[in-house]
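Read off the chains here:
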Amino acid sequence: MNDFPLLTAHTGCMGTPDNSAESARMGIAHSADIVEDDIRATRDGILVLSHDDGVTFADGTEGRISGMTLAELNARLDRPLQLLEPVLKFVADAGRRMNLDVKADDSIQPLSDLIERLGFLDRVFLTGCEFSRAIAVSECNPRLRKLLNVNIRAFNDASYSDAVGRMCEQALGAGCFGLNLPYQAVQPSLLEAAGNAGLDVYVWTLNEEPLMRTFAGMGVRSITTRNVDALARLKRNWSREGQDGS
């Protein structure tokens, strides 16, 4: 029986708001090993939790996180943007790691600066890094750990085996420690090729228990889910089944 995958709490897990401190707390409370959040930088380089660059202000007008300072944004929003740093410290203090999904290249340098300042190189890894962004991360700071993000479209223009070979080459060439991809793209041959290349496979986003069981059995390294409680329960049962030899 394979070792059970790492439990990654998708932002907004267990019914909490996406990219919130509450989501991080809930993921850890339900035994997540990793907490995932989306990362953007304000114009003055402050890192915040947000999927989108666009925001809607209290008066109904719109703006961009990347185009305004944190003070300018918070003065016009209904509620302040959630800063990354306190969430990162909370997760690290709990002995867990963060998966920081980088949404724009302008976040890379501020992320490097923050992670180095806090001494959290072993507590953080980056996702959202397709090949060009993965290269940009390596050029900025080769000490930052990252996964190569693989879009489902990568399989449209080549045979499955050729696409897998290309993504493994790109991951190694960009200094990534593994692949991060939608579960629908994962077949046993991908796991074999990645394993032969020394690359971990992280999959997203599985919320139903039968799918979780299937991919845990396939030997992926991590499963990202909003339903952390179900995945933690499956892990407990998995451990008992292993001890029983079944």
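- Looking at an unreviewed UniProt entry, the protein chain carries the name Glycerophosphodiester phosphodiesterase, with the source organism given as Cohnella hongkongensis.

### Here's the deal with the side chain of Thr 69
Here is step 1: Turning to its location among the elements, Thr 69 is positioned in the loop between strand 5 (62-64) and helix 2 (70-76).
Here is step 2: Its relative accessible area of 16% is what places Thr 69 among the buried residues.
Here is step 3: Residue contacts for Thr 69: discarding those within four places in its chain leaves Thr 42, Arg 43 and Asp 44.

### Topic: the pattern of salt bridges
Here is step 1: If you walk through the whole model with that rule in mind, you get 12 salt bridges.
Here is step 2: The residue Arg 43 makes a salt bridge to Glu 72 at a minimum N-O spacing of 3.8 Å. Of this pair, Arg 43 sits in the loop between strand 2 (34-41) and strand 3 (47-49) while Glu 72 is found in helix 2, placing the two residues 29 residues apart along the sequence.
Here is step 3: When the shortest N-O distance is used, the salt bridge between Lys 103 and Asp 101 registers 3.3 Å.
Here is step 4: Judged by relative accessible area, Lys 103 falls into the partly exposed class, the value being 22%.
Here is step 5: Owing to a relative accessible area of 12%, Asp 101 belongs among the buried residues under this scheme.

### A look at the packing of helix 1 (residues 21-29) against helix 3 (residues 84-93)
What describes two packed helices is the angle between their axes and the distance between those same axes.
Here is step 1: For the pair helix 1 and helix 3, the least separation of the axes is 10 Å and the interaxial angle reads 10 degrees. With respect to each other, helix 1 and helix 3 are oriented roughly parallel. Facing helix 1, whose interface residues are Ala 21, Ala 24, Arg 25 and Ile 28, helix 3 presents Val 87, Phe 90 and Val 91.
Here is step 2: The residue inventory of the contact of helix 1 with helix 3, partitioned by class, reads 6 nonpolar, no polar and 1 charged.

### Overview of the pairing of strand 11 (residues 222-225)
Here is step 1: Here strand 11 shows a buried face lined by Ser 222 and Thr 224 and a second buried face lined by Ile 223 and Thr 225.
Here is step 2: Of the pairings in the sheet, the one linking strand 1 (residues 6-9) to strand 11 comprises 4 bridges and is parallel in character. The partner of Leu 7 across the bridge, within strand 11, is Ile 223.
Here is step 3: Considered for its hand, the β-α-β crossover made up of strand 10 (residues 200-204), helix 8 (residues 209-218) and strand 11 is right-handed.

### Regarding the nonpolar core
Here is step 1: Counting 62 residues, the largest nonpolar core has Leu 84, Leu 126 and Leu 179 as its most contacted members.
Here is step 2: When neighbours within four sequence positions are excluded, Leu 179 is seen to be in contact with Leu 147, Leu 148, Val 150, Met 167, Cys 168, Ala 171, Leu 190, Ala 194, Leu 199, Asp 200, Val 201 and Tyr 202.
Here is step 3: In terms of nonpolar packing, the next biggest core, distinct from the first, is built from 9 residues, Val 55, Ile 65, Leu 77 and Leu 81 among them.

### Focus: the packing of helix 4 (residues 108-118) against helix 5 (residues 131-140)
Here is step 1: Where helix 4 contacts helix 5, the two axes come as close as 10 Å, and the packing angle between them is 45 degrees. In terms of orientation, helix 4 lies oblique with respect to helix 5. Read as a crossing pair, helix 4 and helix 5 show a hand that is right-handed. Contacts between helix 4 and helix 5 involve Ile 108, Gln 109 and Ser 112 from the former and Arg 133, Ala 136, Val 137 and Cys 140 from the latter.
Here is step 2: A per-class count over the contact of helix 4 with helix 5 returns 4 nonpolar, 2 polar and 1 charged.

### Observations concerning the environment of Ala 174
Here is step 1: The residue Ala 174 is located in the loop between helix 6 (160-173) and strand 9 (178-182) in this model.
Here is step 2: Measuring from C-alpha to C-alpha, the distance between Ala 174 and Ala 136 comes to 8.8 Å, with 38 residues separating the pair along the chain.
Here is step 3: For Ala 174, the residues in contact, after removing those within four places along its chain, are Phe 131, Ala 134, Ile 135, Ser 138 and Lys 146.

What counts, and where the lines are drawn
Residues numbered from 1 in each chain as written. Predicted model: local features only at pLDDT ≥ 70, side-chain atom pairs only at ≥ 80, totals over all residues. Heavy atoms only, no water. Helix = DSSP H or I, 4+ residues; strand = E, 2+ residues; numbered from the N terminus. Buried < 20%, exposed > 50% of the residue type's maximum accessible area, 1.4 Å probe, protein only. Contact = heavy atoms within 4.5 Å. Salt bridge = Lys/Arg side-chain N within 4 Å of Asp/Glu carboxyl O. Axes fitted to C-alpha atoms, helices over the stretch in contact; angles between N-to-C directions. Parallel < 35°, antiparallel > 145°, perpendicular 65-115°, else oblique. Nonpolar A, V, L, I, M, F, W, Y, C, P; charged D, E, K, R; others polar. Pairing = 2+ DSSP bridges. Right-handed = clockwise from strand over helix to strand, strands pointing away. Core = buried A, V, L, I, M, F, W, Y, C linked by side-chain atoms within 4.5 Å. Left-handed = near helix turned anticlockwise from the far one by under 90°.

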